[in-house]
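Geometric and topological summary
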Amino acid sequence: MAAAVASSPPIFLVVDSRVKQTKAIVSEPCGQFKNLGWVSGVLPPCGSVLPKPSKFLKRVLGRRRNAPVTAEAGTSSNGIAPARRCIVLDIEGTTTPISFVTDVLFPYARDNVGKHLELTYDTAETQDDIELLRAQVVEDVVKNVVGAVPIPTHGDREEVIASVVANVQAMIKADRKITSLKQLQGHIWRTGFWSNEIEAVVYDDVPEALEKWHAMGLKVYVYSSGSRLAQRLIFGNTNYGDLRKYLCGFFDTTIGNKKEKKSYQEIWESLGVDDPSQILFVTDVYQEAIAAKAAGLEVIISIRPGNGPLPENHGFQTTNSLSEI
Ligand SMILES: CSCCC(=O)C(=O)COP(=O)(O)O
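Residues numbered from 1 in each chain as written. Predicted model: local features only at pLDDT ≥ 70, side-chain atom pairs only at ≥ 80, totals over all residues. Heavy atoms only, no water.

Looking at the overall build of the protein chain
Tallying secondary structure elements over the protein chain gives nine helices and 10 strands in all. Looking at the 325 residues of the protein chain, the share that counts as buried comes to 49%. Taking all contacts inside the protein chain whose residues are at least 6 apart in sequence as the whole, residues at least 24 apart take part in 60%. Approximately 16200 Å² of the protein chain is accessible, and the part contributed by carbon and sulfur atoms is 52%. (Helix = DSSP H or I, 4+ residues; strand = E, 2+ residues; numbered from the N terminus. Buried < 20%, exposed > 50% of the residue type's maximum accessible area, 1.4 Å probe, protein only. Contact = heavy atoms within 4.5 Å. Areas by Shrake-Rupley, 256 points an atom, 1.4 Å probe, with all protein chains shown as cover.)

This is the structure we're talking about:
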């Protein structure tokens, strides 16, 4: 049996049943566990109030006076229950209705891609976008992907623009979550946000939940297939104003595909917590939940009106509102 004292760095109290004594272990930022020694008294079950600390424990905790003292639910196989430190949020279907993405963002990109390319063609940014798309389309043509047409390398400007538009429109139609498309989409949406043609929609419970987690000292991040620019535009321009003050960082497909375990391992490495289970990932997509769980993250599936169906007996905890977390 064990209980955790949520602090920074966290201290874990582990009961050695053979000697009926409790050991204090501090989790160091370097990923090591340091044994602080024996503490008198046996701990109550997880979830109950910790006993009056011994002199030794008071000395240890005294250095972390403002740390909340809680027992954490969810004990891992070695009997240690690390405290949740970070929350990583998906956007579409979690913080934002899918309909906002499919009925506002995607049509805006589809209808404005030609104009955007015409206006910005000679900029380094657009040339880089075209280069990335060209490399993707080379692969797509080989694989006979529907709607893929080669983007000429030395064709004239109008020819290049026409082929990029054709590819991008086919990619949007197929809802492809690829970096080349997402990078260009972010640049097109920027015009829409800056001109106030687009305002992002977040669910009513989102601002309150973000504020609450922020006040609790939890670090909140976003992981979406949309580019980091697009994510900043969305959270900077919502129906509840600019929510970026509650967010610590943004991850996109440049870290990896959201359906791959490796992406979540990378996120864990980036967040600097001792254990992946200290990160909660919230998503509406079952395959993303599976990948994050495989990497050791805690996962909750978001159920919102209009979200896709989940397999029966999927086994994940679910929520209808971020306020429940
Ligand atoms: C910055 S989110 C824009 C929406 C988007 O492009 C998308 O593909 C949504 O992906 P998510 O991973 O948030 O489901």
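Observations regarding the environment of I98
Assignment of secondary structure puts I98 in helix 2 (residues 98-120). Separated by 209 residues in the primary sequence, I98 and N307 place their C-alpha atoms 6.9 Å from one another. Excluding its chain neighbours within four sequence positions, the residues that come into contact with I98 are E92, G93, D284, G306, N307 and G308.

Remarks on the sheet that holds strand 9 (residues 298-302)
Strands sit in the order 7-6-5-8-9-10 across an open sheet of six strands; the sheet is parallel. Whereas interior strands pair on both sides, the edge strands pair on one side only; in this sheet they are strand 7 (249-251) and strand 10 (317-319). Between one strand axis and the next, the sheet turns through 25° on average, direction left out of account. Two elements, strand 8 (residues 279-283) and strand 9, share four bridges in a ladder whose sense is parallel. (Pairing = 2+ DSSP bridges. Axes fitted to C-alpha atoms, helices over the stretch in contact; angles between N-to-C directions.)

Concerning the side chain of D90
On the secondary structure map, D90 appears in the loop between strand 5 (86-89) and helix 2. One polar contact links D90 to T94, side chain to side chain, over a distance of 2.7 Å. Leaving out residues up to four positions away in the same chain, D90 has contacts with T95, Y223, K258, F281, V282, T283, D284 and E288. (Polar contact = N/O pair within 3.5 Å; in protein donor to acceptor, adjacent residues only side chain to side chain.)

Considering helix 5 (residues 179-194)
Here helix 5 is 16 residues long and its end C-alpha atoms lie 22 Å apart, about the 22 Å a rise of 1.5 Å per residue gives. For helix 5, a buried count of 12 out of 16 residues is recorded, marking the element as mostly surrounded by other parts of the structure. Three or more residues of helix 5 are buried, namely S180, L181, K182, L184, Q185, G186, H187, I188, W189, R190, G192 and F193. Along its buried surface, helix 5 packs onto helix 2, helix 3 (124-142), helix 4 (157-173) and helix 7 (228-236). (Expected span 1.5 Å × (residues − 1).)

Comments concerning the site of the ligand
Of all residues adjacent to the ligand, which total 16 residues, the nearest are K177, K182, S224, S225 and K258. E92 has a polar backbone atom sitting 3.1 Å from an oxygen atom of the ligand. Compared with its free state, where it exposes 390 Å², the ligand has 98% of that area covered by protein. Its residues placed into classes, the shell around the ligand shows seven nonpolar, four polar and five charged. Each of two domains, domain 2 (86-96 + 201-324) and domain 3 (99-194), supplies a minimum of three residues to the shell around the ligand. (Near = heavy atom within 4 Å. Nonpolar A, V, L, I, M, F, W, Y, C, P; charged D, E, K, R; others polar. Domains from an automatic or database assignment.)

Details of the pairing of strand 9
Counting buried residues in strand 9 gives four out of five residues, a clear majority hidden from the surface. Where the polypeptide runs from strand 8 across helix 9 (residues 286-294) and back to strand 9, its parallel neighbour, the crossover connection is right-handed. Bridge count for strand 9 against strand 10 is three bridges, and the pairing is parallel. Counterpart to I300 in the pairing with strand 10 is Q317. (Right-handed = clockwise from strand over helix to strand, strands pointing away.)

Observations concerning helix 6 (residues 205-215)
The set of residues buried in helix 6 consists of D205, V206, P207, A209, L210 and W213. Against strand 5 and strand 6 (219-223) lie the buried residues of helix 6. Backbone geometry just downstream of helix 6 places G217 in the positive-phi region, at approximately 85°.

Section: the nonpolar core
In this structure, I87, L105, V164, W189, L210, W213 and F235 are the most contacted members of the largest nonpolar core, which totals 53 residues. Of all the elements, helix 2 adds the most residues to this core, at eight residues. Setting aside its immediate chain neighbours within four residues, F235 contacts I91, T95, V202, V222, G241, D242, L243, R244, L247 and F250. (Core = buried A, V, L, I, M, F, W, Y, C linked by side-chain atoms within 4.5 Å.)

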